[in-house]
Structures are given as structure tokens and as C-alpha cells.
Amino acid sequence: MQTARDVKEYREELRRALDNEFLRQAMDSFAVAYRASRAKAFAGMDVDGLIREIAQAKDDSISRLDELYDEFKQNAEAAGVKVHLARTAEEANQIIAGIAAAAGVKQIVKSKSMTSEETQLNRHLEAGGYEVTETDLGEFIIQLRHEGPTHMVLPAIHLSRYQVADLFTEVTRQKQDVDIERLVKVARRELRPKFVAADMGISGANFAIARTGTIALVTNEGNGRLVTTLPRVHVALVGLDKLTPTLSDALRIIKALPRNATGQAITSYITWITGPNECAASPTGKKEMHVVFLDNGRRALAHDPKFAQVLRCVRCGACANVCPIYRMVGGHQYGHIYIGAIGLILTYFFHGRDKAKNLVQNCISCGACKSVCTAGIDLPELIKAVHARIQDETGSSLSNTLLSQALKSRRLFHVLLRSAKLLQKPFTGGGPYLRHLPHMFAKDQSFRALPALADKPFRDTWEEIRPRVVNPKWRVALFSGCLHDFVFPEQLNAAVRVLAGRDVALDFPVDQSCCGLPALMMGEAAVARDVARQNVMAIDPAKFDYILTTCASCASHLKKAYPTLLGHDPQLAARVAEFSAKVIDFSSFVQDVLKLEQADFIGDGKKTAYHSPCHLCRGLGVVAAPRELIGKAGLDYRQSDEEDVCCGFGGTYSTKFPELSAEILKKKLDHVVQSGAELLVTDCPGCILQLRGGLERRGDPIKVQHIAEALAEVLVK
Amino acid sequence: MTNIDELVTTFTQKAQAVSAVVAEVNELRQAFEYTVDLCDHKEACQLLLAGCEAPLSPAAGDLCQRRRDKIIAAPGLDAADYQALDTLSRAKGLTLIRDGLRGYLAGIDIGLTVVDYGIAETGTLVLNSNNEEVRLATMISEIHVAVLPKSRLRQSSTDLETELEAMMRMRPGYTAFITGASRTADIERVLALGVHGPLELHILLWEDR
């Protein structure tokens, strides 16, 4: 639950979560184990194809929710179900309380339903005098603790067996051993009488199948079956997004949902219910059955061209499982009711701006969630879009306004950077790092050394170093990005050296500016569009075979985000499409286009680790090229754990949430150190800033280089 | 290998992977003998497993007191089969019931069912559970013994779509996919079997060709 009033308070909560050692350890082992079990569960399957099919089918359902609702209602009512539609959470709670009152219900048992968490149903029913018992083990535990879930599938993942044993000791008034098997059995026995006594069972549903009026529950414990069997009244609370046309759509999702959620090929139980079944506890011999559909903003969402895909979500929780930030702070700090990347988005739509405004800023945009989403939802993009929307609604902060003004004009932006170069002089001590930053800039940044701006930006040296090529085989435009232009020009210089003498006609169109990703990360969509337009106009794609960038973040932004940002402009659409198609990252260019070979290098067998930048491995899907180049270059590639997990930079993220950035970095560097490497190579100057700064602070001698530098050093002359 | 043998192999592997016990029988009588034998050797109320040994609150503890005889429930069997199983059960001093399962909500020892289909690629049983007694037998038993005719094995759920859709069209209808025993990992992600449903699932593949 979000109670923080502003980012400052939110950061305070995050800091407290970071200090929770059990949580940190539990989350860590979960993150590592999950990746392995997911991979195993999907082995031999065409995962991407399945995800595409699911996304397509869900999009089709979303486009005709009303129609599916009518069809479901007709079929379910023909089977004897009473179907309700609640416009709001409050209305859903009232409908359910009304059903309970009319049926003379006193005791209620529930199986797990995130939708009922969304409506805060228990609170409503308990206020009405009903005894409500959650029967899913995790939900039972958190209900006893009066708190919300920290994971959509594993609601009590934040608690230790000791805490559960203490809790159960309190409930049973008997001392309970700290033995998980036994604690589970205690819950079984404690809950059985609740099932026996209950008059009403409340469940959710994973699917509402329109064609037959059937609801389906995907569960493991078996409590869902008891909840829908023993009490004489059954109410299913179902989000409208769970409507699906046919059984076959449901079966397709079931192929992916358990695998993606828990690494299971299928859950222990899937229960398909059509209409009120036999029930000996009912005076009529038949159950009284209700399906309450919840709108709560879903129908409006279905018509939103950008956000409709949010309704594809099948609540597997995978986006949390792989999120480096969730892993640090757990679900109470990474969601309001719904948790993980999808939770950041849903919070805005279901629970309002106030609950979402701090959360949506806490995304590092590493893309890990998007890469595992069952339904192919573009989560990082939508989080940024929610952030932008909130900013539009509330007005931008001062720092955002300043940045926007600066970025709007390339000349102004670059003048500012050049002035900063002069201003930093007193703080560098002549070295490559800022040594004595005034406190206001250095706040919470002590976990890494920050680099000084370069003496001369790359653009000022271009005419001197530009290679002369007589018969070019490839015409290539360089896109430097701010860091390679103004902070680390030597890395781009190294790239130019690797390309020299290989028939590559290089050009550096000087009107290029910041790629615009930082603006988007700050929720300034209009500015991001503005600079994107400037860059597309600065570099005429028709004149080049490739637009090469040595910054993985810029590359992925130019290639993947520009078409979305500018594609709607009919005058630009074709040019943007061509521009984006020609963007290539450095490693891919050297490996796949130039096809450099072992003979081109004389490496010295230096022990070399690799950090795979988020925007390269997930953003652009480039995985093999840099690693193969390290091998070809004659360096001794030392694989380290979690190479493709974020380094914690995330551009402006690391200045907004420095505590988290520092912790993510620490983990990354620990893995690198364990690999025994002397050299750490990567493809992105942002990662280099982070990694180098962290190692410098630790006083660790491991050297960090851009892959272009590493290759340039071992070139056969 | 015939197609069915391949399905049996896959099914067995997948079901065992989720801790089901899989055995083969040539006739239904063998399945009955298996069930009776299992019940006979089983401790009443599986004291060490099902929680009666654990310190419980008075209400939950009461449930344990209500358990006396060992009980097998077989609600789906036809009269002749039921008679055969009953004779075997009596010989071992076991009680066989076919209805009134709501009188035994504290738990029964074994629920025996003949299931409708098996899905090999996930080791899943498909059981029409419209009958409330059948439903309860698979929920409140400590061990669920399921007889699966080999002729009813299919590779995937997609291969069963027509049959499943017919089951969904029943008004009312309650269809269960059952894969392994009831399980949870809600405490520290440690797998524990038998949280609300059966502690064990035994699948008897019945050679019905």
C-alpha cells in the first residue's frame, strides 16, 4: 500500500526495506531460482510465438469486451448464474454484501483473488459484520497480519518461517515449531472448520469464457475447490479483462501462465465451473451462484489506444520476479495493490494518481519485465507513459522544466555543457573524476565517483580525426550521444580507430543532439519527441548505409522508440522508419557487418568479464556479438553471474534513487570480482560511468572499458 | 512403440515429476486391490502428515477426534464394481462409502475415482466432477487414487478440446484438471504437499484395450 506523500517519504520507505535482511535474502534467492525454473519450464517451446499468439488473442478480446460480457451473461444465466456488472470497486463490494445479506450469510471463506484486493472487499464485508477468512495459505497469513500481499502469486514471500510460526502460535494459542511442513498442516487443520462452517465462498477467476458461460480457476492448494464446493453460495469476483471468447483461448494462456509464474508446466488444479452445481448444503440441493464483473476503469482502458494492452495481463507476477528493484525492496514498496511493473501502471488506473505518482518514477527501464511478460506488454514504455501523463496533469518539477528548456535547443544544451566544463575545474583536482563536489550535487552519490567532463568534446575533434576513405564500401553516420560526445570522447575515438582502414566512410553530422531518452525517463514526452525530430532531421538516413552508435541506450532508443514517438507524423513517418532501420550498435557493426576476425587482433589473454547492457541485450536483442568479439580479440572471457542484469545506472534514475542504484551496482560488481577478471568490458557509456565509478570508490583495480577501447588496444596494426 | 505406449511414457514421467505415484493395472479389480491394500497399510488420519499431531486450536483439534475407522469413498462406481470393492474393504475392516461425504469433512483416508481423460504432456487428469460426492472425494481425502483408462490418454489439452468443450457446455458442470497432489510454496517458497487437498495422488493406468 502506498502512503508516502512524496518521493522523499517514499525514499525513506525504500531505505527501510533495504535494511530488511531477511527480505533481501529471500528476494535474491527467488530472483535467481526463478530464472532457472522458468527457462526449464519453457525448454523446447516457441515462447516468443506463444506470447505473440496470446497478445493477439487478448487484444481481440479487449476490443470487444462489451460483446463478450453480453455473451457470457446470456450463457451463464441460462445455466442459472446471476451475473452482475459493477462500475466501481465500491459498487462491487456493495453487490457482494447485498448477496450475502439476502442469503442470510454469516461466515465467508475466500480463495485468492487479486480483484478482491483491488476492491478491498474484506474490509467492506467485515465492516458489515461478516466473518471473512482467506484460505489460500499466503493470504491467510497476511490476513492475520493485517497487511497486503507482496507478490501476486506468492503473497507472503516477504515473511520468514519464524514469523509464520510466531503468528500461528498466537492464533492457535499453542507453541508452534519452526518447521514449514508442520506449519502448512496447522493451516490445513485450522482452516478446515472454516470451510465447514461457511455459508458463502468467494473466489476470483482466471478466465470467464463467453461461449459457454464458464469460469475457470487456476490454483495449487485446492482451497479454490473447497471454496466453490462446500458453502451454499458462491460468488466469483472477476475483472472484465478476464473475459475470453472460447475455451481454446484459455487453454493457450494456461500453456504459459503457470510456466511463467512459478516454473510449473501446469498448476495442481484447474477448475472449470459452468452454472450452479449440486450442493447438499443448500435447501434447494443446488448452489446459489453469482458472477460479479468489475469494471473499475477497465472499459475506458479498453478504448485507450496506448494503454489498452495493459488489459492483456494474466497476473502471473513474472514482471516482479525479474525486476532488479522489486528484488531490492519487495512488494510493499513496489506496488499499491498490484505489484511489479504491471502494478506501477495499474495503480494509476485503478487507484489513482496519488497512489501512483511516486511509484512510476521507480522504474530503471532495464526491460527485464518486458522480456518475460506472458502477454508481451511493453511495460517499461507504459510506465514512462504513465509518468508523463501524471506530469502533464500536475505540471513538471523545476528540474524537469530546466532540463526541458535546455534540451529543446541543441545550441543552448551544448553551451551549458561547455560552461559546466569550465565550472567543474575547481572540483576535479585535474583528474578524470569529480573529487570535491559541492554538497548539493553530491548528495547520496558517494557510492560512485562521477567523471569529469572531457577537455574537448568529440565534436570539436572530429575534423582532425576523421578518417579519409577513397573507395568506401559503407557510408556510416556516427551518432555519439551526450556521454560519448562530452564525457568519454576517447571511447568514441577508439571506435573510430577500430573502423579506420576498413573502407568505412564515417561522418559525424554536427546538428545531432541528445537522443532524448533522459527526457522520457523524466516523464517529459514532448521534449523527447522534440529532440527525436531534431536528430532525424540532423542525420539524413538516405545518405547512409548505417547510423552507428557506440551507446547501447541511444541505439535502442533511436531504433525502438523513435518510430513510436514520431511515427504518427505523416511527414516524418517514412524518414523515421528508414532512420531507425539503419541504426546499429558498435558490436553488431564490427561483428556482423565488418566481420572482423581473430587475425585482426593480437590479444594478451587478459581475464575479461562482460557486462551486458540492458538496452543492448533486451533493447536490441544483441547477445552474442560482443562476447564473440572478446574471444576473437584474444582476451580471456570470464563469464560472471547475472551478466544481463542491470548495473543500476538507468540515467537519471541513479540520481533520483541513489540508494537503490548503489545496491544494484554492488551486486553487479560483486559478481564481476568473483569472476576473477582484470578487465570489465561493456557496450554503453552509461554503464561505464556507473561501473567505473563504483570500482573507483571501492578502490578496486579492475579496469572498465568500452568494447571499442578493448578492441582498439589489441588491433593488429 | 505404439502411440499409446508413448503417451503412457510421457504421462508417467510428467506425473511423477509432480510427485504423483504411477502404477499400471490390467483390470479394475487390481485397482481395487491396490486401493484397499494402500488403505490397510496407511495410518489412520495420517497422523504424522495431516496435522493432528501438531498443536491445534480446540476447534481444529476436534476434527481429529471425529476420525475413527479408516474410510474409502468411491462415489462414482457402478453397483457391481462398488460391490466388489466393498467385499475387499470389509475383509480388511475398512469402511467403504459412496455418498454422504459431507458427514466426513474432517477427512477420509482414500478417495477412489475413475477419471475421464489424461493429458500426457503435463501428467494431468481430467475428471467430470458434477457429482458433489465425486468432487468431495477428490478434495477431502488424504490420498486420491485415480484410475485412468489408457484409451483416454491424449497428448495435449488442445487434443481434447472438443471433449472439454462438451463438458463446459453441461449446465451445470464442474470439471477438474488435477496434476499431482495439492501443493503450496507460500512459506519461504518451500514446497509442501497437501495443504488443502490430498497429500498424495496415486494414478493407476488401466490397460483397457
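For the structure itself, consult the block above.
Analysis parameters
- Residues numbered from 1 in each chain as written.
- Chains lettered and ligands numbered in written order.
- Predicted model: local features only at pLDDT ≥ 70, side-chain atom pairs only at ≥ 80, totals over all residues.
- Heavy atoms only, no water.
- Helix = DSSP H or I, 4+ residues; strand = E, 2+ residues; numbered from the N terminus.
- Buried < 20%, exposed > 50% of the residue type's maximum accessible area, 1.4 Å probe, protein only.
- Contact = heavy atoms within 4.5 Å.
- Areas by Shrake-Rupley, 256 points an atom, 1.4 Å probe, with all protein chains shown as cover.
- Pairing = 2+ DSSP bridges.
- Axes fitted to C-alpha atoms, helices over the stretch in contact; angles between N-to-C directions.
- Buried area = accessible area lost by both parts, 1.4 Å probe.
- Salt bridge = Lys/Arg side-chain N within 4 Å of Asp/Glu carboxyl O.
- Polar contact = N/O pair within 3.5 Å; in protein donor to acceptor, adjacent residues only side chain to side chain.
- Nonpolar A, V, L, I, M, F, W, Y, C, P; charged D, E, K, R; others polar.

Q: Go over the overall build of chain B with me, naming the residues and quoting the values.
A: What chain B contains, in helices and strands, is seven helices and 12 strands. Put simply, chain B has 209 residues, and 59% of those count as buried. At a minimum sequence separation of 6, the contacts of chain B that also span at least 24 residues come to 77%. Summing over all exposed atoms, chain B offers an accessible surface of approximately 7,900 Å²; the carbon and sulfur share of this is 49%.

Q: So what's going on with the sheet that holds strand β3 (residues 95-97) of chain B? Which residues, and what values?
A: Strand-to-strand pairing in sheets goes through backbone hydrogen bonds, with the strands running parallel or antiparallel. All names here are of chain B. Reading across the sheet, the six strands line up as β1-β12-β7-β4-β2-β3 and stay open at both edges, with parallel pairing between neighbours. One side of each edge strand has no neighbouring strand; the edge strands of this open sheet are β1 (21-25) and β3. Each strand axis lies, on average, 20° off the axis of its neighbour in the sheet, ignoring direction. Packed onto the sheet, helix α1 (residues 3-17) meets β1, β7 (141-149) and β12 (200-206) and runs at close to 175° relative to β12. Against the sheet, helix α6 (residues 132-139) engages β2 (71-73), β4 (108-114) and β7, with an angle of about 115° to β7.

Q: Residues and numbers for the interface of chain A and chain B, please.
A: Of the residues lining the interface, 75 residues belong to chain A; the matching set on chain B comes to 68 residues. Buried area between chain A and chain B, both sides added, is near 6,100 Å², and the carbon and sulfur share of it is 55%. Three residues, A:R188, A:R189 and A:R225, lead the burial of chain A against chain B; their summed loss comes to 13% of the area buried on that side. For B:E165, the salt bridge identified is with A:R211, shortest N-O distance 2.9 Å. Our count for the chain A to chain B interface comes out at 36 residue pairs in polar contact (both at pLDDT 80 or more). Listing elements by their share of the side of chain A that touches chain B, those giving two or more residues are α2 (21-41), α4 (65-78), α8 (137-144), α9 (161-172), α10 (180-197), α11 (223-229), α12 (247-262) and β9 (269-274) of chain A. The dominant element in the side of chain A that touches chain B, judged by the number of residues it contributes, is α10(A), at 15 residues. Classifying every residue of the side of chain A that touches chain B by side-chain character gives 36 nonpolar, 23 polar and 16 charged. Where β9(A) and strand β9 (residues 173-178) of chain B come together, six bridges link them in antiparallel fashion. Along β9(B), the bridge assignment pairs A:T274 with B:G173.

Q: Residues and numbers for the sheet that holds strand β3 (residues 131-134) of chain A, please.
A: Residues and elements named next belong to chain A. What the six strands build is an open sheet, ordered β1-β10-β7-β4-β2-β3; its pairing is parallel. Edge positions in the open sheet fall to β1 (82-86) and β3, since each of these has one partner strand only. Taken over all neighbouring pairs, the strand axes of this sheet differ in orientation by 20° on average, direction set aside. Taken together, the seven bridges between strand β7 (residues 233-239) and strand β10 (residues 288-294) define a ladder with parallel strand orientation. Bridging across to β10, A236 finds its partner in V291. In this fold α4 packs onto β1 and β10, with an angle of close to 150° to the strand it touches most, β1.

Q: Explain the pairing of β12(B) to me, and be specific about the residues and the numbers.
A: Residue and element names in this part refer to chain B. In terms of residue burial, β12 counts as a mostly covered element, since five of its seven residues are buried. Here β1 runs beside β12; their pairing, made up of five bridges, is parallel. Directly across from A23, in β12, lies its bridge partner L204.

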